[in-house]
Amino acid sequence: MIMTVPPNKPEDVSARRSHGTLAFLLNHGAPIIFAGLLWYVLWWGHSPELQTVDAAMWHVSWVGVIALLYVALQARAILAQPRSGVTHAMIEILISLLPLFVVVYAFVDWMRGANLLSVFQVIVMVQATMASLIDVVIFTWFSMSLSRLSVHTLDVR
């Protein structure tokens, strides 16, 4: 008996595209969004003028929460990545460098005197640098270790 596969319906193709886009954003969207937020804070001057120390501390703590959320989303992406190939890992590493490039560029601009930053913006830079370095250094090492162990496990079978 010969079985034929029905042709793809336009709904099936669009559903696969939307699923692919959603999967890409879940796996790689956090660095892009984080880099966009950093760009907004560091170049478009989001520097609140708060009157009390308590209000300033709350504002800075939200920056820390966003940085921790970024790190958590990146940890989830590393654990969910496929183990079979290195393509996904390389894409993850390159996209993870994006927020770090934004911070380094802002730092160089600040040191040259081209972009005067407030204390709040400098704190954002420091917190973003720490979150990005955790992502790039630790999560890259973890991803490569998982990939190496997975390849080793496949060879043993």
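Because the structure is predicted, anything quoted here is derived from the model rather than measured.

Q: I keep staring at the overall build of the protein and nothing clicks. Help me out?
A: When you go through the protein residue by residue, the secondary structure sums to four helices and zero strands. Moving toward the C terminus, one meets the helices and strands of the protein in the order α-α-α-α. A total of 157 residues make up the protein; the buried ones form 32% of that total. Relative to all contacts within the protein whose residues are 6 or more apart in sequence, the contacts with residues 24 or more apart total 81%. Working note: accessible area of the protein is about 10,700 Å², and carbon and sulfur atoms make up 73% of it.

Q: Please explain the nonpolar core as it appears in this structure.
A: Soluble globular proteins: nonpolar side chains tend toward being buried together. Ranked by internal contacts, the top residues of the largest apolar core, which has 22 residues, are Phe 34, Leu 38, Leu 42, Tyr 70, Phe 120, Val 124 and Met 125. Leaving out residues up to four positions away in the same chain, Phe 120 has contacts with Val 41, His 46, Ser 47, Pro 48, His 59, Val 60 and Val 63.

Q: Honestly, the pattern of salt bridges in this entry has me stumped. Any pointers?
A: A side chain of one charge can pair with a side chain of the opposite charge when the charged atoms of the two come close. Within this structure, the stated rule accounts for one salt bridge. Close ionic contact of Asp 109 with Arg 112 constitutes a salt bridge, the shortest N to O distance being 2.4 Å. Of the two residues, Asp 109 and Arg 112 both sit in helix H3 (residues 87–112), three residues apart, roughly one turn of that helix. Note on Asp 109: relative accessible area 7%, which makes it buried. By relative accessible area, which is 59% here, Arg 112 ends up exposed.

Q: Looking at this structure, how should I read the side chain of Asp 135?
A: Mapped onto the elements of the fold, Asp 135 is located in helix H4 (residues 119–156). Ignoring anything within four residues of it in the chain, the contact list for Asp 135 reads Tyr 70, Gln 74, Ser 96 and Thr 140.

Q: Looking at this structure, how should I read the packing of aromatic side chains?
A: Taken as a whole, this structure holds six aromatic pairs when the rule is applied. A ring pair is formed by Trp 39 and Tyr 105, whose centres lie 6.3 Å apart and whose planes are at 5°; its orientation type is stacked. With Trp 39 in helix H1 (residues 10–43) and Tyr 105 in helix H3, this residue pair connects regions lying 66 residues apart in the sequence. Within the aromatic cluster, the residues linked to one another by ring pairs are Trp 39, Trp 43 and Tyr 105.

Criteria and cut-off values
Residues numbered from 1 in each chain as written. Predicted model: local features only at pLDDT ≥ 70, side-chain atom pairs only at ≥ 80, totals over all residues. Heavy atoms only, no water. Helix = DSSP H or I, 4+ residues; strand = E, 2+ residues; numbered from the N terminus. Buried < 20%, exposed > 50% of the residue type's maximum accessible area, 1.4 Å probe, protein only. Contact = heavy atoms within 4.5 Å. Areas by Shrake-Rupley, 256 points an atom, 1.4 Å probe, with all protein chains shown as cover. Core = buried A, V, L, I, M, F, W, Y, C linked by side-chain atoms within 4.5 Å. Salt bridge = Lys/Arg side-chain N within 4 Å of Asp/Glu carboxyl O. Phe/Tyr/Trp six-rings, centres within 6.5 Å; stacked < 30°, edge-to-face > 60°.

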